[in-house]
Each structure stands twice: as structure tokens, then as C-alpha cells.
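# Residue-level structural notes
Here's the letter readout for the chains.
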Amino acid sequence: QVQLVESGGGLVQTGGSLRLSCAASGRTFSAYIMGWFRQAPGSEREFVASITRGGDSTNYRDAVKGRFTISRDNAKNTVYLQMNSLKPEDTAVYYCAARLSEILKWNYWGQGTQVTVSS
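Conventions and cut-offs
Along every chain, residues carry numbers that run from 1 in the direction the sequence is written. Residues qualify for local features only when their pLDDT is at least 70, as the model is predicted, and side-chain atom pairs are given and counted only at 80 or more; totals for whole chains, interfaces and linings, by contrast, use all residues. In computing side-chain values, all of the structure's heavy atoms are included and hydrogens and water are not. In this description, a nonpolar core means a group of buried Ala, Val, Leu, Ile, Met, Phe, Trp, Tyr and Cys residues linked to one another through side-chain atoms lying within 4.5 Å. Each residue is assigned to one of three classes by its accessible area relative to the maximum for its type, calculated with a 1.4 Å probe on protein chains only: buried under 20%, partly exposed between the two thresholds, exposed over 50%. Each helix corresponds to a stretch of at least 4 residues labelled H or I by DSSP, and each strand to a stretch of at least 2 residues labelled E; elements are numbered beginning at the N terminus. In what follows, residue pairs with any heavy atoms lying within 4.5 Å of each other are defined as contacts. One side-chain nitrogen of Lys or Arg within 4 Å of one carboxyl oxygen of Asp or Glu is enough to make a salt bridge. In this charge count, Lys and Arg are treated as positive and Asp and Glu as negative; neither His nor the chain ends contribute. As used in this structure description, the phrase polar contact means that two N or O atoms lie within 3.5 Å; if the pair is within protein, one of them must be able to donate a hydrogen and the other to accept it, and residues adjacent in sequence are counted only when both atoms belong to side chains. Each Phe, Tyr or Trp ring, with Trp reduced to its six-membered ring, pairs with another whose centre is within 6.5 Å; inter-plane angles below 30 degrees give stacked pairs, above 60 give edge-to-face pairs, and intermediate values give tilted ones.

## Some words on the nonpolar core
By size, the foremost hydrophobic cluster in this structure holds 29 residues, and its most contacted members are Leu 4, Met 34, Trp 36, Val 79, Leu 81, Met 83 and Tyr 94. At the level of elements, strand S3 (18–24), strand S4 (33–39), strand S5 (46–51), strand S7 (68–73), strand S8 (78–83), strand S9 (92–99) and strand S11 (113–118) are the ones that each hand at least two residues to this core. Leaving out residues up to four positions away in the same chain, Val 79 has contacts with Leu 20, Ser 21, Cys 22, Phe 29, Met 34, Trp 36, Ile 51, Ile 70, Ser 71, Arg 72 and Cys 96.

This is the structure:
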């Protein structure tokens with residue numbers, strides 16, 4: 001199993017930047033595909049980005065392409081989400097998630113970190 005703890009959220013103005021971090025416990029972090037999701041008030045949780053075990057391939061939802069970058073440091077058991085050119089519609093609770101395979105559900109989740117973008 002893996003435990004996930006997010007940090008780095010906060011309040012930022014439109015056009016600003018934030019970097020979220022997700023620290024994972026355990027010795028097998030590199031075995032997990034990692035992802036970021038978000039949930040805005042009154043909305044369902046949605047996929048934001050994912051990264052393969054070795055960090056060689058990433059995937060993004062269209063709304064964040066070119067603005068957000070997911071990365072990982074397997075030596076530090078940490079995955080990051082660099083968010084630039086933030087918009088009010090990016091306001092949400094951001095969750096880190098992990099899964100062992102692309103055919104499995106995202107079954108490990110962090111507690112979430114709030115990101116608020118003011119207009």
C-alpha cells in the first residue's frame with residue numbers, strides 16, 4: 001500500500017502559479033502510476049494529469065494542457081503538479097492518486113489540498 005499527502009495549495013490571483021506536491025510513503029513508489037485529480041464545489045471529481053512509473057510519459061486533460069506540468073522524483077517519493085497561468089475555473093480541491101496498472105482503478109488517494117484562484 002501507499003499513503004499520499006498533498007501540500008502546496010493556497011490562494012493565488014488569476015495568471016499566477018502554484019506547485020503542488022504529493023509525498024508518498026512506502027518503498028515502492030516507483031511501482032505506481034501517479035495522477036492528479038480535482039473537484040470543484042458542486043462538481044464531480046475530474047482527471048487532471050497522470051505520469052508513468054518512470055516519468056517518461058504524461059497525460060493531461062485538455063483544459064490544462066500547456067499550463068500544467070506533472071513530474072515525479074522517485075528518489076524522493078514525490079509527485080508534483082506545476083500550475084501556471086491559473087484561471088478562476090481551476091479553483092478546486094486537488095487530489096493526488098496512485099494505481100499499480102492502467103487497467104486498475106485509482107485506488108489510493110490523498111486527503112486533498114485546496115487551490116483557489118481569484119479573479
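## Some details on the pattern of salt bridges
Going through the model one piece at a time under the given rule, you end up with five salt bridges. Note that Arg 38 is salt-bridged to Glu 46, the shortest N-O span being 2.7 Å. Classification of Arg 38 as buried rests on a relative accessible area of 6%. Across the salt bridge formed by Arg 67 and Asp 90, the nearest N and O atoms sit 2.8 Å from each other. Of this pair, Arg 67 sits in the loop between strand S6 (58–60) and S7 while Asp 90 is found in the loop between S8 and S9, placing the two residues 23 residues apart along the sequence.

## Describing the side chain of Glu 6
Relative to the helices and strands, Glu 6 is located in strand S1 (residues 4–7). The side chain of Glu 6 is buried and forms no salt bridge, while Arg 45, the nearest opposite charge, is found at 7.6 Å. A distance of 3.0 Å separates a polar side-chain atom of Glu 6 from the backbone nitrogen of Gln 111. A distance of 2.9 Å separates a polar side-chain atom of Glu 6 from the backbone nitrogen of Gly 112.

## Digging into the packing of aromatic side chains
Under the defined criterion, the tally for this structure stands at four aromatic pairs. Between Tyr 32 and Tyr 108, the aromatic rings sit 5.7 Å apart at their centres with planes inclined by 90 degrees, giving edge-to-face as the arrangement. Of this pair, Tyr 32 sits in the loop between S3 and S4 while Tyr 108 sits in strand S10 (residues 108–109), placing them 76 residues apart in sequence. Taking relative accessible area as the criterion, Tyr 32 reaches 4% and is therefore assigned buried. Accessibility expressed as a relative area gives 19% for Tyr 108, which makes it buried. Joined through ring pairs, the aromatic side chains of Phe 37, Phe 47, Trp 106 and Trp 109 make up one cluster.

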